[in-house]
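Here's the letter readout for the chains.
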Amino acid sequence: MGLLGLPALLFALITWQVVADGPLLRVDERLSRALVHPDRASELLADLGNVEVAVPVLGAVLLYVAQRSRRTGAHRWWWPATAAALLMALVPLLVVPVKVLTDRPGTPAVPPATGYFPSGHTATAMIAYGAATLLLLPRLRSSGARRCLVALCAVLVLGVSFGLVRRGYHWPLDVVASWCLGTVLLTGFVLVLGRSSRRTSAGTPRSDTGPG
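Treat the numbers as computed from the prediction; the structure is a model and nothing was measured. (Residues numbered from 1 in each chain as written. Predicted model: local features only at pLDDT ≥ 70, side-chain atom pairs only at ≥ 80, totals over all residues. Heavy atoms only, no water.)

### Here's the deal with the pattern of salt bridges
- Enumeration according to the criterion identifies six salt bridges in this entry.
- The residue Glu-29 makes a salt bridge to Arg-26 at a minimum N-O spacing of 3.6 Å. With Glu-29 and Arg-26 both in helix α2 (residues 24-35) and three residues apart, the pair spans about one turn of that helix.
- A relative accessible area of 23% places Glu-29 in the partly exposed class.
- For Arg-26, a relative accessible area of 30% corresponds to the partly exposed category.
- Linked by salt bridges that have partners in common, Asp-21, Arg-26 and Glu-29 make up one network. (Salt bridge = Lys/Arg side-chain N within 4 Å of Asp/Glu carboxyl O. Helix = DSSP H or I, 4+ residues; strand = E, 2+ residues; numbered from the N terminus. Buried < 20%, exposed > 50% of the residue type's maximum accessible area, 1.4 Å probe, protein only.)

Structure (structure tokens):
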């Protein structure tokens, strides 16, 4: 449960600092000034968190997983893909109200505006690539393939995060807050799927039992 409680607490702490204009923001601003260096590479990395890029990747994985599960006759074959789609839809429902509440201005590298906290691109990348990874992992037989998939997911999310900060699209704390939110959501996703799997196993009669 630490993957639920600790990130949620950290997200609340960072949000409070943003709303209260706390001392953590001074550190965040200094770090941003040291890291910002807009270039084409950082812009391309940040674009990996676009809805137009990340969501189709998740959609392709959902379609693949649903088809494979249906072909193998899995009970409630549609549920994992549906749960992942609902999780993705939950992202803007959570992120947008916080953006409105905090009304945080952007960095000097972007035009004057507000609503930068937390980072929607980071949250989108975490959920799209993270949920896709979690759905594919059980279908990979070798531990090497699973490690490569997890590493690829981490590289994508970290690449988006770095690109957003390097390009100046977001303050570092915007990105860290979305890491926390994404961790909470993905942990909840794993718990929901695990509970559903246990219920399915408990409700499936053993092959050696039958009418007495």
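### Details of the packing of aromatic side chains
- Scanning all chains against the criterion turns up two aromatic pairs.
- Note on Phe-11 and Phe-117: the rings are 6.3 Å apart at their centroids and 20° apart in plane angle, and the pair reads as stacked. Of this pair, Phe-11 sits in helix α1 (residues 2-20) while Phe-117 sits in the loop between α5 (79-102) and α6 (120-136), and the two are 106 residues apart along the sequence. (Phe/Tyr/Trp six-rings, centres within 6.5 Å; stacked < 30°, edge-to-face > 60°.)

### Considering the packing of helix α3 (residues 40-47) against helix α7 (residues 143-167)
- Relative to each other, α3 and α7 sit at 130°, their axes nearing to 7 Å. Classified by the angle between their axes, α3 and α7 sit oblique to one another. The chirality of how α3 crosses α7 is left-handed. Contact residues: α3 offers Ser-42, Glu-43, Leu-45 and Ala-46, while α7 offers Gly-159, Val-160, Phe-162, Gly-163, Leu-164, Arg-166 and Arg-167.
- Looking at the contact of α3 with α7, its residues break down into five nonpolar, three polar and three charged. (Axes fitted to C-alpha atoms, helices over the stretch in contact; angles between N-to-C directions. Parallel < 35°, antiparallel > 145°, perpendicular 65-115°, else oblique. Left-handed = near helix turned anticlockwise from the far one by under 90°. Contact = heavy atoms within 4.5 Å. Nonpolar A, V, L, I, M, F, W, Y, C, P; charged D, E, K, R; others polar.)

### As for α5
- Along its 24 residues, α5 runs 35 Å from first to last C-alpha, staying within 8% of the 34 Å computed at 1.5 Å per residue.
- Along α5, the residues that are buried comprise Trp-79, Ala-81, Ala-83, Ala-84, Leu-87, Met-88, Val-91, Val-95, Val-98, Lys-99 and Thr-102.
- Backbone geometry just downstream of α5 places Asp-103 in the positive-phi region, at approximately 55°. (Expected span 1.5 Å × (residues − 1).)

### Let's talk about the environment of Thr-82
- Position of Thr-82 among the secondary structure elements: in helix α5.
- With a relative accessible area of 32%, Thr-82 lands in the partly exposed category.
- With 57 residues separating them in the primary sequence, Thr-82 and Arg-139 have C-alpha atoms 17 Å apart.
- Of the polar contacts made by the side chain of Thr-82, one reaches the backbone oxygen of Trp-78; its length is 2.7 Å. (Polar contact = N/O pair within 3.5 Å; in protein donor to acceptor, adjacent residues only side chain to side chain.)

### Concerning α2
- Taking 1.5 Å per residue, twelve residues should reach 16 Å; α2 reaches 17 Å between its end C-alpha atoms and fits that length.
- Residues of α2 that are buried: Leu-25, Asp-28 and Ser-32. An end-on view of α2 places all buried positions within 55° of arc, on one side of the element. Of the exposed residues in α2, the ones pointing more than 90 degrees away from its buried face are Arg-33 and Ala-34. (Arc of directions from axis to C-beta.)

### Quick notes on the side chain of Thr-15
- Here Thr-15 shows up in helix α1.
- The contacts of Thr-15, once residues within four sequence positions are left out, are Thr-102 and Phe-117.

### Points about unusual backbone geometry
- The linkage connecting Phe-117 with the following residue, Pro-118, adopts the cis geometry, with an omega of -10°.
- With respect to the element layout, Pro-118 can be found in the loop between α5 and α6.
- Even without a glycine there, the phi angle at Asp-21 is positive, about 55°.
- Relative to the elements of secondary structure, Asp-21 occurs in the loop between α1 and α2.
- With a relative accessible area of 46%, Asp-21 lands in the partly exposed category.
- Even without a glycine there, the phi angle at Asp-103 is positive, about 55°.

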